[in-house]
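The lines below spell out each chain.
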Amino acid sequence: MQDFLQFTLTGITIGSIYAIVALGFVTIYSVTKVINLAQGEFVMLGGLTMFSLVSVGVPYWLSFIATILFVTFIGWLMENLLIRRAKGADAISLIILTIGTSIFIRGISSMVWGKDQHTVAPFTKNTPVEIGGASITPQSIWVILIMLLVVGLMYMFIDKTMLGKAFQASSVNPMAARLMGISPKRMSSFSFVLSAALGAIAGLAIAPIIFPAYDMGAMLGIKGFSAAILGGLGSAPGAVIGGLLIGLFESMGAGYISSGMKDIITFSIFLLILIIRPNGILGEKTIGKGGL
Amino acid sequence: MSEQKLLEVLDCSVSYGPIQALNGVSLSVNQGEIVALLGANGAGKTTLLQTMSGLLRPTSGQVIYQGMDITGMEAEKIVEKHLIHVPEHRQIFSTMTVLDNLYLGAYHHRKTTNKQAIEENIKKVFELFPILSDRKDQMGGTMSGGQQQMLAIARGMMAEPDLLLLDEPTLGLAPLIAKDVLELVGDLRKQFGTTILLIEQNLHASLKVADRGYVISHGEIIKSGSSSELLNDPEVKEAYLGHTVH
Ligand SMILES: Nc1ncnc2c1ncn2[C@@H]1O[C@H](COP(=O)(O)OP(=O)(O)O)[C@@H](O)[C@H]1O
Ligand SMILES: [Mg+2]
């Protein structure tokens, strides 16, 4: 029972990160129908930018803001320089374009930050806290809190602001949205910006836990993507549930079976669920129609 | 009523790849008029409307609105000029509430109009469509076809149109409800002074509300005239035989 609680806490921590990455996938997909396989690179850039800023003594709060702004700018560049120019290309070409972008970003990053893993000190004093016999580090609590904050802010944005509603409208019915004066180009650009911001937040939150390196984006991207699919691509609540589930499969697999097998176990369960529910957990109504 | 031209389509041709859907179409709508655009399925009515609202670009010809050449302007920019297109098949935001659909109708003047004016407009469309007021928190997609059509028109009215383009607002509606919707089109002009271009397949019902009309067939305007002229024109009747359900 104590083990179970411990694995659950670990699973929720890493699952929170997958949830944020998955939200990034959903954000872009629902409006542009592009599956952005460079999403993981946003997370990597978030982690490493955070490292660079913190290591030269920039205060944490300022590092957070600067990291988010920088990665957001990269997301904006990516949409403006690449995706927008390829509009009208078929889905496969666009996916390949995002893979190319991700290899490019990774290459540049390996030159800037080298191939080593880096260390970022935790946000606050990191003495583990005991909960019912299991322990959790304050940094993990930060990660979970940040995920909750992100989910809350996303909800407020989508549901309560006019821009959020326009964003939603663009995903539900792009043609009608245009007839309301909502520019699909702006919304596409905005979806990349928002998604890059989400990636940056995931990256900076997890930086003190996973020793960021230039190649960390690939696995995080795949897990986040799996989480988005598991939730039903296009559903924001689904992305969060999917992220937490993938995190839990992973930590239970590592804890109860073998840590070397955790990815195999995670993806096996993932595939099994998809065989049973091909549209993902919350995907029934939303898949293909968009709708956050 | 002044004879001032609000919209003019000059010799427009439109193609979908190799398929030419419009071939040198010209028409005009004057300030304050209700004009019907009639024609069978596949005649090119929707294509013509989409060319006016900027969803399609003509291969040749011009669209002039309020004396301004808007040919090839992006749809989302044309909306800002209060030329509002209520598309075929309603196209409401089905997973969003009725109220959100209405707010989105006013999206393009979120910067120029104050919040209060938008709330006023919501009140006005609720007076016109009481059913929408009762259902304001319901998801758009869960309403009946007739209600969705009312929502689509109400959403269009939220944009404060100078010219409203209505694409087959009675499509798929039961005859009685279709009649209501067409009467409403007349009310819109009475209450808001909106100029309207109405697409219809139903000759009689639409010419009852319209001042005059055009008949389009195979991408060309084949007839135009006042409503009574068109109603009594044997050629028009013939063109319609076998096409109308009534
Ligand atoms: N997206 C499209 N791609 C190819 N052909 C189209 C498309 N939309 C309409 N058409 C063709 O253009 C012609 C006119 O269609 P449309 O404007 O929809 O007619 P209407 O609204 O009068 O029924 C038809 O022959 C139709 O098949
Ligand atoms: Mg049509």
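The shown structure was predicted, so the numbers you read here are calculated from the model rather than taken from an experiment.

Turning next to the overall build of chain A. Looking only at helices and strands, one finds twelve helices and two strands in chain A. Going from the N terminus to the C terminus, chain A shows its helices and strands as α-α-α-α-β-β-α-α-α-α-α-α-α-α. By the compact-globule yardstick of 19 Å for 292 residues, chain A fits well, its C-alpha radius of gyration being 18 Å. Along the first, second and third principal axes, the C-alpha atoms of chain A reach 60 × 50 × 35 Å. Within the span of chain A, comprising 292 residues, buried residues form 53% of the whole. Residue pairs in contact within chain A that sit at least 24 positions apart in sequence constitute 76% of those at least 6 positions apart. On chain A, roughly 12,400 Å² of surface is accessible, and the fraction owed to carbon and sulfur atoms is 72%. Of the side chains in chain A, 17 bear a positive and 11 a negative charge, and the two mean positions are spaced by 14 Å.

Summing up its helical and strand segments, chain B has ten helices and ten strands in all. Against the globule reference of 18 Å for 246 residues, chain B gives a C-alpha radius of gyration of 17 Å, in line with a compact fold. Its C-alpha atoms give chain B principal-axis dimensions of roughly 50 × 40 × 40 Å. A burial count over chain B gives 55% of its 246 residues as buried. Of the accessible surface of chain B, which amounts to about 10,800 Å², a share of 50% is contributed by carbon and sulfur atoms. Both charge centroids of chain B, one from 21 positive and one from 29 negative side chains, sit 4 Å from each other.

Below, the discussion takes up the site of ligand 1. All names here are of chain B. Neighbouring ligand 1 are Tyr-16, Ala-21, Ala-40, Asn-41, Gly-42, Ala-43, Gly-44, Lys-45, Thr-46 and Thr-47. The backbone of Gly-42 places a nitrogen or oxygen atom 2.7 Å from an oxygen atom of ligand 1. Between an oxygen atom of ligand 1 and a side-chain N or O atom of Thr-46, the distance comes to 2.7 Å. Computed on the free molecule, ligand 1 has an accessible area of 560 Å², of which 61% lies beneath the protein chains in the complex. Broken down by element, the residue count for the shell around ligand 1 peaks at three residues, all from helix 1 (residues 45-52). A per-class count over the shell around ligand 1 returns four nonpolar, five polar and one charged.

The subject of this paragraph is the coordination of the magnesium ion (ligand 2). Residue and element names in this part refer to chain B. Here the magnesium ion (ligand 2) is held by Thr-46 (OG1) and Glu-88 (OE), and the distances to it run 2.0 to 2.3 Å. On the criterion of sequence distance, the pair formed by Thr-46 in helix 1 and Glu-88 in the loop between strand 6 (83-86) and helix 3 (98-105) is long-range, its members being 42 residues apart. The residues Thr-46 and Glu-88 share a single accessibility class, namely buried.

To continue, consider a nonpolar patch on the surface. On the surface, Met-1, Phe-4, Tyr-256, Ile-257, Met-261 and Ile-264 of chain A cluster together into a nonpolar patch covering about 690 Å² of accessible area. With respect to the secondary-structure elements, Met-261 of chain A resides in the loop between helix 10 (236-257) and helix 11 (262-276).

Okay, the interface of chain A and chain B next. Many descriptions give the size of an interface as the accessible area lost when the pieces come together. Residue-level contacts link 21 residues of chain A with 24 residues of chain B. Interface area for chain A against chain B, summed over the two sides, is near 2,000 Å², with a carbon-plus-sulfur share of 64%. Three residues, Arg-178, Leu-179 and Met-180 of chain A, lead the burial of chain A against chain B; their summed loss comes to 35% of the area buried on that side. The interface formed by chain A and chain B holds three salt bridges in total. The interface formed by chain A and chain B holds four residue pairs in polar contact (both at pLDDT 80 or more) in total. At the level of secondary structure, the elements contributing two or more residues to the side of chain A that touches chain B comprise helix 6 (162-172), helix 7 (174-179) and helix 8 (184-210) of chain A. The dominant element in the side of chain A that touches chain B, judged by the number of residues it contributes, is helix 6 of chain A, at seven residues. Class assignment for the residues of the side of chain A that touches chain B results in 13 nonpolar, four polar and four charged.

With 81 residues, the main nonpolar core has Ile-17, Ile-20, Leu-23, Val-150 and Ile-182 of chain A together with Phe-93 of chain B as its most contacted residues. Of all the elements, helix 1 (residues 2-32) of chain A adds the most residues to this core, at 13 residues. Leaving out residues up to four positions away in the same chain, Ile-182 of chain A has contacts with Ala-166, Ala-169, Ser-170, Ala-177 and Met-187 of chain A together with Glu-76, Leu-104 and Tyr-107 of chain B. Counting residues in each nonpolar core, the second largest holds 46 residues, with Leu-38, Val-98, Ala-106 and Ile-196 of chain B among its members.

One way to put it is that helix 6 of chain A packs onto helix 3 of chain B with a least axis distance of 10 Å and a crossing angle of 100°. It follows that helix 6 of chain A is roughly perpendicular to helix 3 of chain B by the angle criterion. Contacts between helix 6 of chain A and helix 3 of chain B involve Met-162, Lys-165, Ala-166 and Ala-169 of chain A from the former and Asp-100, Tyr-103 and Leu-104 of chain B from the latter. A breakdown of the residues in the contact of helix 6 of chain A with helix 3 of chain B according to their chemical character gives five nonpolar, no polar and two charged.

What follows deals with the sheet that holds strand 8 (residues 195-200) of chain B. All names here are of chain B. Within the open sheet, the six strands sit side by side as 6-7-8-3-9-10. Their pairing is mixed. Of all strands in the sheet, those with a lone pairing partner are strand 6 and strand 10 (220-226), marking the two edges. Each strand axis lies, on average, 15° off the axis of its neighbour in the sheet, ignoring direction. Alignment of strand 6 against strand 7 (residues 163-167), held across four bridges, turns out to be parallel. Across the sheet, the residue bridging to His-85 is Leu-165, located in strand 7.

Basis of the calculations
- Residues numbered from 1 in each chain as written.
- Chains lettered and ligands numbered in written order.
- Predicted model: local features only at pLDDT ≥ 70, side-chain atom pairs only at ≥ 80, totals over all residues.
- Heavy atoms only, no water.
- Helix = DSSP H or I, 4+ residues; strand = E, 2+ residues; numbered from the N terminus.
- Rg over C-alpha atoms; globule rule 2.2 N^0.38 Å.
- Buried < 20%, exposed > 50% of the residue type's maximum accessible area, 1.4 Å probe, protein only.
- Contact = heavy atoms within 4.5 Å.
- Areas by Shrake-Rupley, 256 points an atom, 1.4 Å probe, with all protein chains shown as cover.
- Lys, Arg positive; Asp, Glu negative; His and termini not counted.
- Charge placed at Lys NZ, Arg CZ, Asp CG, Glu CD.
- Near = heavy atom within 4 Å.
- Polar contact = N/O pair within 3.5 Å; in protein donor to acceptor, adjacent residues only side chain to side chain.
- Nonpolar A, V, L, I, M, F, W, Y, C, P; charged D, E, K, R; others polar.
- Donors = N, O, S within 2.8 Å, 3.2 Å for Na, K, Ca; no water.
- Patch = residues over 30% accessible without salt bridge, like charges linked within 9 Å, V, L, I, M, F, W, Y side chains within 5 Å.
- Salt bridge = Lys/Arg side-chain N within 4 Å of Asp/Glu carboxyl O.
- Buried area = accessible area lost by both parts, 1.4 Å probe.
- Core = buried A, V, L, I, M, F, W, Y, C linked by side-chain atoms within 4.5 Å.
- Axes fitted to C-alpha atoms, helices over the stretch in contact; angles between N-to-C directions.
- Parallel < 35°, antiparallel > 145°, perpendicular 65-115°, else oblique.
- Pairing = 2+ DSSP bridges.

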